[in-house]
Amino acid sequence: MKAAYVAVAVLIASGAEARIIDWRAELERCRALRENVAPLLLAGQGTSGVARSGRAARRCMWIERRAARKRIPGAEAR
């Protein structure tokens, strides 16, 4: 039984997305998302009207926080 759990854990760990983050490209994507979503929010659409931004917005917040902590040039703490 323990061997099965270990095998599953190894499979899950090997499938994890361990990749290097291109901070500047991610920050640029976040800026573009913010520019596209801001007019919709100002027009009164609300977050439910901007369907695709949910996960992307959370990822952008995470990227911006991490970039600010790592003192990446161009990153601002929000």
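Everything below is about the structure printed above this text.
Numbering of residues starts from 1 in each chain and follows the order in which that chain's sequence is written. Only residues with pLDDT of 70 or above have their local features reported here, since the model is predicted, and side-chain atom pairs are shown and tallied only from 80 upward, although totals for entire chains, interfaces and linings are computed over all residues. As a rule here, side-chain values cover all heavy atoms of the structure and leave hydrogens and water aside.

Caption draft 1: Region of the structure containing the environment of Ala56. Positionally, Ala56 belongs in helix α4 (residues 53-69). Once the C-alpha coordinates of Ala56 and Leu33 are considered, the two residues, 23 residues apart in sequence, prove to be 8.0 Å apart. Strands here mean DSSP runs of E at least two residues long; helices mean DSSP runs of H or I at least four residues long; both are numbered from the N terminus.

Caption draft 2: Representation of the pattern of salt bridges in the model. We count a salt bridge whenever a side-chain nitrogen from Lys or Arg sits within 4 Å of a carboxyl oxygen from Asp or Glu. Per the stated rule, a full pass over the model turns up 4 salt bridges. The partner of Glu26 in a salt bridge is Arg29, and the shortest N-O contact between them spans 2.8 Å. On the criterion of helical spacing, the pair formed by Glu26 and Arg29 is a turn pair, its members being 3 residues apart in helix α2 (residues 23-42). With relative accessibility at 8%, the residue Glu26 sits in the buried group. Note that Arg59 is salt-bridged to Glu26, the shortest N-O span being 3.3 Å. Here the residue Arg59 occupies a position in helix α4, and Glu26 occupies one in helix α2, the gap between them amounting to 33 residues. Counted as one network, the salt bridges with shared partners bring together Glu26, Arg29 and Arg59. To sort residues, take the accessible area from a 1.4 Å probe on protein chains only and compare it with the maximum for the residue type: under 20% means buried, over 50% means exposed, and anything in between is partly exposed.

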